[in-house]
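Structural overview for review
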Amino acid sequence: MDNIRSPSDTPLRHALALALERINALEQKTQELTTKLYLLTLANPLKTTEIRGTLFDSLEKQGGVYLETNFNPIQLEQLRSTQRDAPLVELRRKVIRSLYSQGINKNAIARLLNKCYKTIDYNLAMSCPLRKAKTKQFVLRRDALDKKIAKRRQAVIV
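Residues numbered from 1 in each chain as written. Predicted model: local features only at pLDDT ≥ 70, side-chain atom pairs only at ≥ 80, totals over all residues. Heavy atoms only, no water.

Tracing the backbone shows Asn105 in the loop between α4 (86-101) and α5 (106-113). For Asn105, a relative accessible area of 43% corresponds to the partly exposed category. The spatial distance from the C-alpha of Asn105 to the C-alpha of Tyr117 is 9.8 Å, given a sequence separation of twelve residues. Here Ala108 takes part through its backbone nitrogen, which lies 2.8 Å from a polar atom of the side chain of Asn105. (Helix = DSSP H or I, 4+ residues; strand = E, 2+ residues; numbered from the N terminus. Buried < 20%, exposed > 50% of the residue type's maximum accessible area, 1.4 Å probe, protein only. Polar contact = N/O pair within 3.5 Å; in protein donor to acceptor, adjacent residues only side chain to side chain.)

This is the structure we're talking about:
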């Protein structure tokens, strides 16, 4: 007679199942966030671990961790691709500037993004953290860009 269930049991069971489902979802999300937080702490330039002393990761490895924590695999594939549409180029330029501002050198950034170091140098020059980039190529490209912007302004005014 203990197995006989009353009709009022059903809503309670559904509520309990829903609560358990939500708890499982929260535990999974907590685990994901904990992993992401751990990866972000790894991205710090100086890491002290072990009792015997200080352990330094290479800046290139830290740059890789930075990319993996901020972009999903599809976005990373696009960053490393040869596509040249305007939003992707602008995103790539911001990523390069961000990595460079964190102290990662141009050659390491080139290896992380599968680009030529000259591409990295050019993007840094165009985003202006490098003031010393007065090479002939940079000056010609910057002048061409300035002319293109001036033409667009004239077209808008007319």
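That shown, we press on.
Formed by 16 residues in total, the largest nonpolar core has its most connected members in Leu67, Leu99 and Ile109. Among the elements of the structure, α2 (59-70), α3 (73-80), α4, α5 and α6 (117-126) are those that each provide at least two residues to this core. Apart from the residues lying within four places of it in its own chain, the contact partners of Ile109 are Ile96, Leu99, Tyr100, Ile104 and Ile120. (Core = buried A, V, L, I, M, F, W, Y, C linked by side-chain atoms within 4.5 Å. Contact = heavy atoms within 4.5 Å.)

Here we come to the pattern of salt bridges. Opposite charge on two side chains allows them to pair when their charged atoms are near. For the structure shown, the criterion picks out two salt bridges. Arg111 serves as the salt-bridge partner of Glu60, at 2.9 Å between the closest nitrogen and oxygen. One end of the pair, Glu60, is in helix α2; the other, Arg111, is in helix α5, and 51 residues separate them in sequence. By relative accessible area, which is 27% here, Glu60 ends up partly exposed. Judged by relative accessible area, which is 48%, Arg111 ranks as partly exposed. (Salt bridge = Lys/Arg side-chain N within 4 Å of Asp/Glu carboxyl O.)

Here the focus is a nonpolar patch on the surface. Together, Leu16, Leu20 and Ile23 give the surface a local cluster of nonpolar side chains, amounting to about 290 Å² of exposed area. Relative to the helices and strands, Leu16 is located in helix α1 (residues 9-42). (Patch = residues over 30% accessible without salt bridge, like charges linked within 9 Å, V, L, I, M, F, W, Y side chains within 5 Å. Areas by Shrake-Rupley, 256 points an atom, 1.4 Å probe, with all protein chains shown as cover.)

In this section: the packing of α4 against α5. Relative orientation of the contacting elements α4 and α5 amounts to 135 degrees, with a least axis distance of 10 Å. Judged on the interaxial angle alone, α5 and α4 are oblique. Crossing hand, α4 versus α5: right-handed. Only Lys106, Ile109, Leu112 and Leu113 of α5 make contact with α4, whose side of the interface consists of Ile96, Leu99 and Tyr100. Its residues assigned to classes, the contact of α4 with α5 shows six nonpolar, no polar and one charged. (Axes fitted to C-alpha atoms, helices over the stretch in contact; angles between N-to-C directions. Parallel < 35°, antiparallel > 145°, perpendicular 65-115°, else oblique. Left-handed = near helix turned anticlockwise from the far one by under 90°. Nonpolar A, V, L, I, M, F, W, Y, C, P; charged D, E, K, R; others polar.)

Another point: unusual backbone geometry. Leaving glycine aside, a negative phi is the common case for residues, and trans is the common case for peptide bonds. Even without being a glycine, Asn114 presents a positive backbone phi close to 55 degrees. Tracing the sequence through the fold places Asn114 in the loop between α5 and α6. Asn114 sits in the exposed class, given a relative accessible area of 54%.

Now for α4. With 16 residues, α4 extends 22 Å between its outermost C-alpha atoms, agreeing within 8% with the 22 Å of an ideal straight helix rising 1.5 Å per residue. Here α4 has its buried residues at Leu88, Arg92, Arg93, Val95, Ile96, Ser98 and Leu99. Packed against the buried residues of α4 are α2, α3, α5 and α6. (Expected span 1.5 Å × (residues − 1).)

Those residues of α5 not exposed but buried are Ala108, Ile109, Ala110, Leu112 and Leu113. Check the buried side of α5 and you find it contacts α2, α3, α4 and α6. Asn114 occupies a position one or two residues after α5 and carries a positive phi of about 55 degrees.

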